[in-house]
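Each chain, letter by letter, is given below.
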Amino acid sequence: MSDAVLEVRHLQTVVRSGGRDLPVVRDVSFDVRAGEAVALVGESGSGKTLTALSVMGLLPDAARMTGGTVRLGGHDVGALDERQRRRLRGPEIAMIYQDPMTSLNPLMRVGPQVVEGLEAHGVTGAEAKARAIEALGEVGLPRPERLARSYPHQLSGGQRQRVMIAMAVALRPKVLIADEPTTALDVTIQQQVLSLADEMRRSTGLALVWITHDLGVVARVAERVLVMYAGRVVESGESRALFREPQHPYTAGLLGSIPRVLGAERPELPQIGGAPPDIAALPTGCPFHPRCPQRVDQCQVDDPRLEPRGDDGANGWAACWVPRDRWVS
Amino acid sequence: MTLVVEDLVKHFRTRDGIVRAVDGVSFTVERGQTLGLVGESGCGKSTTARMLVRLDQPTSGRILLDGEDVAFARGATLSKLRGRIQMVFQDPYASLDPRLTVGQTLGEVLTVRRMVDGDAQRRTRVNELLEMVGMTASVAGRYPHQLSGGQRQRVGIARALAVEPEVMVLDEPVSALDVSVRAEVMNLLTRLRDELGLTYVFISHDLGMVRHISDRIAVMYLGRVLEIGGWRALSDDPLHPYTRSLRDAVPVPDPELEAQRQVVELGGEVPDAINPPAGCLFHTRCPYVEDRCRVETPTLRELAPRHQVACHFSERLFPDVLAEAQQVSG
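From a predicted model like this one, the values you see are computed outputs, not experimental measurements.

Reading guide: rules and limits
- Residues numbered from 1 in each chain as written.
- Chains lettered and ligands numbered in written order.
- Predicted model: local features only at pLDDT ≥ 70, side-chain atom pairs only at ≥ 80, totals over all residues.
- Heavy atoms only, no water.
- Helix = DSSP H or I, 4+ residues; strand = E, 2+ residues; numbered from the N terminus.
- Rg over C-alpha atoms; globule rule 2.2 N^0.38 Å.
- Buried < 20%, exposed > 50% of the residue type's maximum accessible area, 1.4 Å probe, protein only.
- Contact = heavy atoms within 4.5 Å.
- Areas by Shrake-Rupley, 256 points an atom, 1.4 Å probe, with all protein chains shown as cover.
- Lys, Arg positive; Asp, Glu negative; His and termini not counted.
- Charge placed at Lys NZ, Arg CZ, Asp CG, Glu CD.
- Phe/Tyr/Trp six-rings, centres within 6.5 Å; stacked < 30°, edge-to-face > 60°.
- Lys NZ or Arg CZ within 6 Å of the ring centre and 35° of its normal.
- Patch = residues over 30% accessible without salt bridge, like charges linked within 9 Å, V, L, I, M, F, W, Y side chains within 5 Å.
- Salt bridge = Lys/Arg side-chain N within 4 Å of Asp/Glu carboxyl O.
- Core = buried A, V, L, I, M, F, W, Y, C linked by side-chain atoms within 4.5 Å.
- Domains from an automatic or database assignment.
- Axes fitted to C-alpha atoms, helices over the stretch in contact; angles between N-to-C directions.
- Parallel < 35°, antiparallel > 145°, perpendicular 65-115°, else oblique.
- Left-handed = near helix turned anticlockwise from the far one by under 90°.
- Nonpolar A, V, L, I, M, F, W, Y, C, P; charged D, E, K, R; others polar.

Caption draft 1: The overall build of chain B, seen in detail. On a plain count of helices and strands, chain B comes out with 14 helices and 12 strands. Compactness check: chain B gives a C-alpha radius of gyration of 21 Å against a globular reference of 20 Å for 330 residues, within 12% of the reference. For chain B, the spread of C-alpha atoms along the principal axes amounts to about 70 × 50 × 40 Å. When burial is assessed residue by residue, chain B has 56% of its 330 residues classed as buried. Long-range contacts, defined here as pairs at least 24 residues apart, represent 62% of the contacts in chain B between residues at least 6 apart. Surface exposure of chain B reaches about 14000 Å², of which carbon and sulfur atoms provide 46%. Averaged over its 39 positive side-chain charges, chain B has a centre that lies 6 Å from the centre of its 44 negative ones.

Caption draft 2: Region of interest: the packing of aromatic side chains. Counting across every chain of the model gives 7 aromatic pairs over all chains. Where Y221(B) meets Y242(B), the ring centres are 4.6 Å apart and the plane angle is 55 degrees; that geometry is what we call tilted. Taken as a pair, Y221(B) in strand β9 (residues 216-221) and Y242(B) in helix α10 (residues 241-249) lie far apart in primary sequence, 21 residues in all. In this structure Y221(B) comes out as buried when scored by relative accessible area, which is 1%. Exposure remark for Y242(B): the relative accessible area of 0% places this residue in the buried category. An aromatic cluster is present here, built from Y229(A), Y250(A) and F288(A) joined pairwise through their rings. For the cation-ring pair, R266(A) lies above W231(B), with the distance from its terminal atom to the ring centre recorded as 3.6 Å. In this structure, R244(B) is placed above the aromatic ring of F318(B), and the distance from its NZ or CZ to the ring centre is 4.5 Å.

Caption draft 3: Spatial organisation of a nonpolar patch on the surface. There is a patch of nonpolar side chains on the surface, built from V261(A), L262(A) and L257(B) and spanning about 230 Å² of accessible area. Within the secondary structure layout, L262(A) lies in the loop between α10 (249-256) and β11 (307-308). A relative accessible area of 55% places L262(A) in the exposed class.

Caption draft 4: Representation of the nonpolar core. I157(B) and M168(B) are the most contacted members of the largest nonpolar core, which totals 73 residues. Per-element accounting of this core gives the leading share, 7 residues, to helix α7 (residues 179-196) of chain B. For this core, the domains that each give at least three residues are domain 1 (14-43 + 184-330) and domain 2 (94-164) of chain B. Listed in part, the 61 residues of the second largest apolar core include A148(A), L155(A), V163(A) and L208(A).

Caption draft 5: The packing of helix α4 (residues 102-112) of chain B against helix α6 (residues 149-161) of chain B, seen in detail. All names here are of chain B. Viewed as axis vectors pointing N to C, α4 and α6 meet at an angle of 20 degrees, and their least axial separation amounts to 9 Å. As far as their axial angle goes, α6 and α4 are roughly parallel. Crossing geometry of α4 relative to α6 is assigned as right-handed. Here V102, T105, L106 and V109 of α4 lie close against α6, whose contacting residues are V155, A158 and R159. Residues belonging to the contact of α4 with α6 are distributed by class as follows: 5 nonpolar, 1 polar and 1 charged.

Structure (structure tokens):
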């Protein structure tokens with residue numbers, strides 16, 4: 001796929017803990033094209049955030065990438081030194097987080113913070129100031145000149161998230177990674193942020209990688225989805241097909257456990273049982289097998305690979321020994 | 001057991017002025033039923049919850065348990081109240097003492113509330129409680145950090161059940177849990193309610209979960225109830241513009257439905273509770289605002305059986321929905 005702006009292949013990342021390297025990201029591959037929105041879905045410990053941080057080259061000290069490649073706008077990121085990588089962050093790729101306060105400096109007015117990001121990439125003086133105000137306006141903040149003089153604590157949660165998006169997109173990156181940016185927001189504010197992201201994607205061709213645990217958000221923003229579990233992609237595919245006919249029992253279980261949004265019936269919620277595994281004590285075989293209603297003997301010993309479903313992956317890809325048409329209901 | 005809340009008010013004095021966190025909330029929950037309280041942050045749903053269990057002292061109003069007003073109960077009466085109403089919190093990790101085993105946590109409640117006589121009885125009851133929430137007796141020896149999020153919330157529920165309450169106030173009980181374990185805690189809560197005849201006040205920002213468990217639903221905004229009615233009418237055919245916006249804002253896990261949706265996006269944010277808008281509290285964000293809304297505060301009116309709405313113009317805005325609601329009893 002030559003038109004991909006971000007290409008991740010066989011990504012492996014470990015976290016050092018208790019004298020051991022724990023495999024937090026295992027063999028994750030995906031592409032994102034310009035103007036496309038891809039969702040990374042998973043629960044706590046699924047590896048979705050560490051996948052994003054690996055791509056950004058912003059892993060915490062205890063973590064390190066041990067394999068795979070990340071190609072960004074024609075660069076093999078792994079072959080670059082830290083200085084060269086820093087140059088890509090901003091113009092090529094940017095990331096926003098769940099809690100804007102972790103990336104905003106509480107002691108600095110927001111305007112200068114946006115300017116600082118621009119200056120680090122050679123946009124200076126009056127031009128940087130103008131671009132900062134422009135960026136704050138583009139993310140739908142009212143009276144950006146005035147707002148630029150506010151401190152982060154003077155803004156609402158929704159406004160802070162918009163400031164963070166403004167900082168991220170001020171350098172017109174080709175890829176934006178959004179890590180649960182709306183989880184802490186109220187639903188009406190979440191809706192505003194989702195619309196804003198969608199609008200930027202459509203109008204500027206921004207590629208979005210949207211990380212979330214909320215399948216509703218996935219359905220609203222993403223055209224393609226990767227479902228992660230215990231550090232691996234267990235299913236990937238086009239959103240509509242994946243929601244209509246999930247190919248992995250975990251995806252099916254998640255979708256089934258959400259209350260219906262319409263109708264007079266309120267049956268007991270189908271539940272998965274158990275909890276996501278501890279990465280330090282992964283089960284043998286398929287990591288989902290202890291919770292899986294479809295498991296067969298093989299699942300306890302062999303970890304299935306992600307393989308195409310349907311003709312050439314027409315139904316997406318899934319890592320499961322039991323094809324959907326052989327599932328017991 | 002019927003829980004009746006009448007004109008409940010909580011004002012907080014702050015340096016910047018008086019915050020009207022809860023400003024005249026009324027509702028009734030029949031025995032064995034569930035009232036869902038929904039709204040965005042700052043709407044007063046959690047303050048209402050805290051007043052029900054008297055973690056916050058109401059400024060005024062009445063909280064009637066089978067006719068007995070406990071809003072200002074003190075001393076022995078308050079202590080008795082705590083045996084009748086219990087709360088389950090959002091974050092089970094923060095609400096459990098990390099130094100105590102599960103057995104010690106539950107045993108302590110049983111001893112303090114004099115629910116058991118002696119060690120043997122206490123042990124038996126701890127095991128019973130664990131069984132009620134779907135856990136085995138072996139969990140009694142574990143510490144909170146050795147449990148998963150779902151297990152910790154089960155312990156939080158068992159602790160509330162230990163005093164054999166009649167009412168449980170559930171404040172976002174599944175919001176902090178992994179998506180794959182929420183269903184099982186929801187099923188547990190539903191089963192306990194039906195088996196023990198418990199009365200629930202279920203507070204959540206997750207309309208899907210509220211729709212799933214509630215008999216009636218109240219929508220709050222800036223300390224007041226804007227709409228209250230049966231679960232289905234409130235979630236599927238609301239009569240207040242705010243309830244409709246709230247419902248439309250929640251993305252549903254179905255890409256085909258999402259692509260077809262015509263959503264009226266709600267602009268702006270919830271105003272400051274220190275300076276709430278004059279007239280209708282929602283008028284600053286309402287897509288249908290008219291002059292009257294800026295000056296005259298709408299009161300809750302019963303537009304369909306047991307379905308009250310605080311909007312001047314529901315009849316004109318949603319005539320078809322209203323006609324249907326009037327046919328189907330709330």
